[in-house]
Amino acid sequence: MRTEEKLYTLRYKKDDKSHLAIKDVNTCLECTAKYGEPQPCVSICPANVFSWQNNRIVIGYENCVECGASRISCPYENIDWKYPQFGKGIALRYA
């Protein structure tokens, strides 16, 4: 089964507030200059939460599978990652 098909089995309860944030947008520009595109956070995320558009990082937090990969993928530790509020975020359909 492909990753996209597995991600389809997940259920999300969208939170109005993002649990992901970029601490300093200029650091993302430094990362791009050093590591190129796609940046580490963009290439490692299995749910395509991060994307690079118009010289800035865009976060689609609603798709986050809360795996923690973005927490460790940023070489500058520039991603502020928290769990979503209680009762929000990802819910597994199949155990």
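Everything below is about the structure printed above this text.
The structure contained in this document is the topic of the report that follows. These numbers were taken from a predicted model, which means no experiment stands behind them.

## Here's the deal with the overall build of the protein
- Each helix and strand in the protein was counted, giving 4 helices and 6 strands.
- For the protein, the α and β elements follow one another from N to C terminus as α-β-β-α-α-β-β-α-β-β.
- The buried share of the protein, reckoned over its 95 residues, is 36%.
- Considering only contacts in the protein between residues 6 or more positions apart, those separated by 24 or more positions represent 68%.

## Thoughts on the nonpolar core
- Leu20, Cys41, Val49, Phe50, Ile57 and Ile79 are the most contacted members of the largest nonpolar core, which has 17 residues in total.
- Mapped by element, the contributors of at least two residues to this core are strand S2 (20-22), helix H3 (40-44), strand S3 (50-53) and strand S5 (79-81).
- Beyond its immediate chain neighbours, meaning those up to four positions away, Val49 contacts Leu20, Val58, Ile59, Gly60, Tyr61, Asn63 and Cys64.

## Points about unusual backbone geometry
- Across the junction of Glu37 and Pro38, the peptide omega takes the value 0 degrees, indicating a cis bond.
- When you line up the elements, Pro38 lands in the loop between helix H2 (25-35) and H3.
- In this structure, Asn55 is a non-glycine residue whose phi angle is positive, near 60 degrees.
- Looking at where Asn55 falls in the secondary structure, it is placed in the loop between S3 and strand S4 (56-59).
- Note on Asn55: relative accessible area 56%, which makes it exposed.

## Notes on the pattern of salt bridges
- Throughout the structure, instances matching the rule amount to 1 salt bridge.
- A salt bridge links Asp80 to Lys82, with the nearest nitrogen and oxygen atoms 3.6 Å apart.
- Exposure remark for Lys82: the relative accessible area of 48% places this residue in the partly exposed category.

## Quick notes on the packing of aromatic side chains
- Under the counting rule described, the total for this entry stands at 1 aromatic pair.
- Residues Trp81 and Tyr83 carry aromatic rings whose centres are separated by 4.8 Å and whose planes lie at 75 degrees to one another, so their mutual orientation is edge-to-face.
- Looking at Trp81, the relative accessible area reads 8%, which means it is buried.

The rules behind the values
- Residues numbered from 1 in each chain as written.
- Predicted model: local features only at pLDDT ≥ 70, side-chain atom pairs only at ≥ 80, totals over all residues.
- Heavy atoms only, no water.
- Helix = DSSP H or I, 4+ residues; strand = E, 2+ residues; numbered from the N terminus.
- Buried < 20%, exposed > 50% of the residue type's maximum accessible area, 1.4 Å probe, protein only.
- Contact = heavy atoms within 4.5 Å.
- Core = buried A, V, L, I, M, F, W, Y, C linked by side-chain atoms within 4.5 Å.
- Salt bridge = Lys/Arg side-chain N within 4 Å of Asp/Glu carboxyl O.
- Phe/Tyr/Trp six-rings, centres within 6.5 Å; stacked < 30°, edge-to-face > 60°.

Bear in mind that shape data such as this cannot, by itself, settle questions of function.
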